[in-house]
Amino acid sequence: MVRVAIIGCGIVGASIAFELSNYPELKVTVFDKQPPAQASTGAALGVLMGVISHKTKGRNWQLRETSLQRYETLIPELEAMTGRKIPFNKQGILMLCAEGEDLSKWEKLKATRQSQGWDLEIWDLEQVRDRNPHLNLNDNIIAAIYSPQDRQVDPTALTLALVDAAKLKGVNFEFGVEVTGLMGGQDAHPTINLISCGTGILPVAEDCGTGILPVAEKFDWLIIAAGLGSSALTASLNQLIDIRPVLGQALHFRLQNPLANSDFTPVITCDDIHIVPLENQEYWVGATVEFSENGGEIQANAEMLDGLFKKAIALCPALAAATIIKQWSGLRPRPERRSAPIIDRLGNSNILIASGHYRNGVLLAPATAQTIREMILQ
Ligand SMILES: Cc1cc2nc3c(=O)[nH]c(=O)nc-3n(C[C@H](O)[C@H](O)[C@H](O)COP(=O)(O)OP(=O)(O)OC[C@H]3O[C@@H](n4cnc5c(N)ncnc54)[C@H](O)[C@@H]3O)c2cc1C
């Protein structure tokens, strides 16, 4: 039996757990200091920008393509296994192009995608108006790109379904357990130091009167999928992988009445803002992209949220009459001075890192999980 520990149960850790659960020779335990889908994953909009992205080759395209393909089977598979409903929008993404946008780039991308077996359409304003009478196409908008095979998924519902499905296949989850450090960077059996917040997961530990149980455990493989927590864990091995936060704010709206054309409900994207249709005339709108100014903590910027709100209303005026039922922010894990995501081995050790997915963690989670499985079972 090969013992595998996964640290972190956001979308990435949960996807890896489910992927590995298909291999009975692996005994998998997932540790998280919180319940699942609380950190970056809990804030995400779940827009899967694969075909419509400008990545056309190499690892970046491969990960996108693998994920998009896997999502088509993964969602029904998880729903059937767990009985959970996972909201999955299969109506594509419609990206509005403003004046100054080089449409010849999109023509080129369309041809590339065609050769790769994917569809991408360039719509003139008439087509956009016809299918989306609720959008206000100001003089700035010149065309739109429609990507029918891109998707959007509810990241929290998906993560919870992955956890349930992995549990059914024997994966052990330990929530409320923080990993405080790692040892054995060069060792075939790396060790993790845990503190358990009173869930009593580890029989050898004794409650020291504080409800905190310090324990060390050995595994054959460790997978660090701890998002922004990954830096501290790698630092404990003296192999710092620097991952920094980029804040995003978003809004949840509810409309009184349906929009004019409620049959066609793709994600609408314009100027880096997504309008994400949900059920019951509800919408998510997001997200801002806010960096730390001097390396310190990032405070959510009220002006940027206001700008997001105004842009959304300019595009879809019906939102002005909608009720805002929630507003939130989250931190995206972005690798410093290297490209996202980081799916790698730490030196020659049996410690793998699957972190730093920045703005595309939901999109890239299935492909990340497959890559990690290949690294373990090579
Ligand atoms: C506002 C916003 C909108 C976004 N929209 C999209 C989108 O539309 N599409 C998309 O693909 N991506 C989107 N993202 C990005 C996406 O959310 C992230 O890339 C993704 O969630 C990262 O997942 P993760 O599992 O690596 O990290 P996380 O979800 O952050 O999970 C890490 C987990 O590790 C745990 N952990 C950390 N340290 C420890 C420790 N020492 N011990 C135990 N547990 C630990 C944490 O508790 C947490 O549960 C968005 C992000 C934000 C903030």
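Our structure's up above, just so we're on the same page.
First, a word on scope: everything that follows refers to the structure included in this document.

What counts, and at which threshold
Residues numbered from 1 in each chain as written. Predicted model: local features only at pLDDT ≥ 70, side-chain atom pairs only at ≥ 80, totals over all residues. Helix = DSSP H or I, 4+ residues; strand = E, 2+ residues; numbered from the N terminus. Rg over C-alpha atoms; globule rule 2.2 N^0.38 Å. Buried ≥ 20, exposed ≤ 12 C-beta atoms within 10 Å, placed from the backbone. Contact = placed C-beta atoms within 7 Å. Core = buried A, V, L, I, M, F, W, Y, C linked by C-beta atoms within 7 Å. Axes fitted to C-alpha atoms, helices over the stretch in contact; angles between N-to-C directions. Parallel < 35°, antiparallel > 145°, perpendicular 65-115°, else oblique. Left-handed = near helix turned anticlockwise from the far one by under 90°. Nonpolar A, V, L, I, M, F, W, Y, C, P; charged D, E, K, R; others polar. Pairing = 2+ DSSP bridges. Near = placed C-beta within 6 Å.

Re the overall build of the protein
In step 1: Within the protein, the secondary structure is distributed over nine helices and 20 strands.
In step 2: Taken over the C-alpha trace, the protein has a radius of gyration of 22 Å; the compact-globule value for 378 residues is 21 Å, and the two agree within 12%.
In step 3: Oriented by its inertia axes, the alpha-carbon framework of the protein measures out at about 70 × 45 × 45 Å.
In step 4: Looking at the protein as a whole, 42% of its 378 residues qualify as buried.
In step 5: Sequence-distant contacts, at least 24 apart, represent 74% of the contacts inside the protein between residues at least 6 apart.

A word on the environment of Ala302
In step 1: By the secondary structure assignment, Ala302 is in helix α8 (residues 302-315).
In step 2: Considering only alpha carbons, one finds Ala302 and Gln249, 53 residues apart in sequence, at a separation of 9.3 Å.

Remarks on the nonpolar core
In step 1: Among the nonpolar cores identified, the biggest contains 98 residues, and Ile6, Ile7, Ile16, Ala17, Leu162 and Ile223 are the most heavily contacted of them.
In step 2: Not counting residues up to four positions away in its chain, the partners in contact with Ile6 are Gly13, Ile16, Ala17, Val28, Val30, Ile223 and Ala225.

Notes on the packing of helix α1 (residues 11-20) against helix α6 (residues 155-168)
In step 1: Here α1 crosses α6 at 30°, and the two axes come no closer than 9 Å. As summarised for this structure, α1 and α6 are arranged roughly parallel, according to the angle between their axes. Handedness of the crossing formed by α1 with α6: left-handed. Where α1 abuts α6, its residues Ile11, Ala14, Ser15, Ala17 and Phe18 lie against Pro155, Leu158, Thr159, Leu162, Val163, Ala165 and Ala166.
In step 2: Looking at side-chain class alone, the contact of α1 with α6 contains 10 nonpolar, two polar and no charged residues.

Considering the sheet that holds strand β7 (residues 141-147)
In step 1: Strands sit in the order β6-β7-β5-β15-β16-β17-β14-β18 across an open sheet of eight strands; the sheet is mixed. Both outer strands of the open sheet, β6 (121-123) and β18 (323-335), are each paired with one neighbouring strand and no more. Averaged over all pairs of adjacent strands, the angle between strand axes in this sheet comes to 20°, irrespective of strand direction.
In step 2: Strand direction decides the pairing type here: strand β14 (residues 243-254) and strand β17 (residues 282-286), joined by five bridges, are antiparallel. Bridge pairing in β17 places His252 opposite Trp284.
In step 3: Across the sheet, helix α4 (residues 103-116) touches β5 (93-98), β6 and β7, and the angle it forms with β6 is around 150°.
In step 4: Where α8 meets the sheet, its contacts fall on β14, β15 (267-270), β16 (273-277) and β17, and the angle it forms with β16 comes to roughly 60°.

Here's the deal with the site of the ligand
In step 1: Taken together, 43 residues form the shell around the ligand, and within it Gly10, Gly227, Gly229, Gly248 and Gly361 come nearest.
In step 2: Elements represented by at least two residues in the shell around the ligand include exactly α1, β2 (26-32), α2 (40-43), β10 (177-183), β14, β18 and α9 (361-376).
In step 3: At four residues, the largest contribution of residues to the shell around the ligand is made by β18.
In step 4: Classifying every residue of the shell around the ligand by side-chain character gives 21 nonpolar, 17 polar and five charged.

With respect to the pairing of β7
In step 1: One ladder, built from six bridges, connects β5 with β7; its direction is antiparallel. The partner of Ile93 across the bridge, within β7, is Ser147.

Points about α1
In step 1: In terms of burial, α1 is largely enclosed, as 10 of its 10 residues are buried.
In step 2: Among the residues of α1, those classed as buried are Ile11, Val12, Gly13, Ala14, Ser15, Ile16, Ala17, Phe18, Glu19 and Leu20.

A short note on the sheet that holds strand β8 (residues 151-153)
In step 1: Read across the sheet, three strands follow the order β3-β8-β4 without closing on themselves; strand pairing throughout is antiparallel. Of all the strands in the sheet, just β3 (47-48) and β4 (88-89) have a single pairing partner and so form its edges.
In step 2: Across two bridges, β3 lies against β8 in antiparallel orientation. Pairing of Val47 across the sheet is with Gln152, part of β8.
In step 3: The strands that helix α3 (residues 58-82) touches are β3, β4 and β8; relative to β8, the one it contacts most, it runs at about 50°.

Structural notes on the packing of α1 against α9
In step 1: Closest axis-to-axis distance for the α1/α9 pair is 8 Å, and the angle between their directions is 40°. Taken together, the axes of α1 and α9 are oblique relative to one another. Crossing geometry of α1 relative to α9 is assigned as right-handed. Packed against α1, whose contacting residues are Ile11, Val12, Ser15, Ile16, Phe18, Glu19 and Leu20, the element α9 presents Gly361, Val362, Ala365, Pro366, Thr368, Ala369, Gln370, Ile372 and Arg373 at the interface.
In step 2: Of the residues that constitute the contact of α1 with α9, the class distribution is 10 nonpolar, four polar and two charged.

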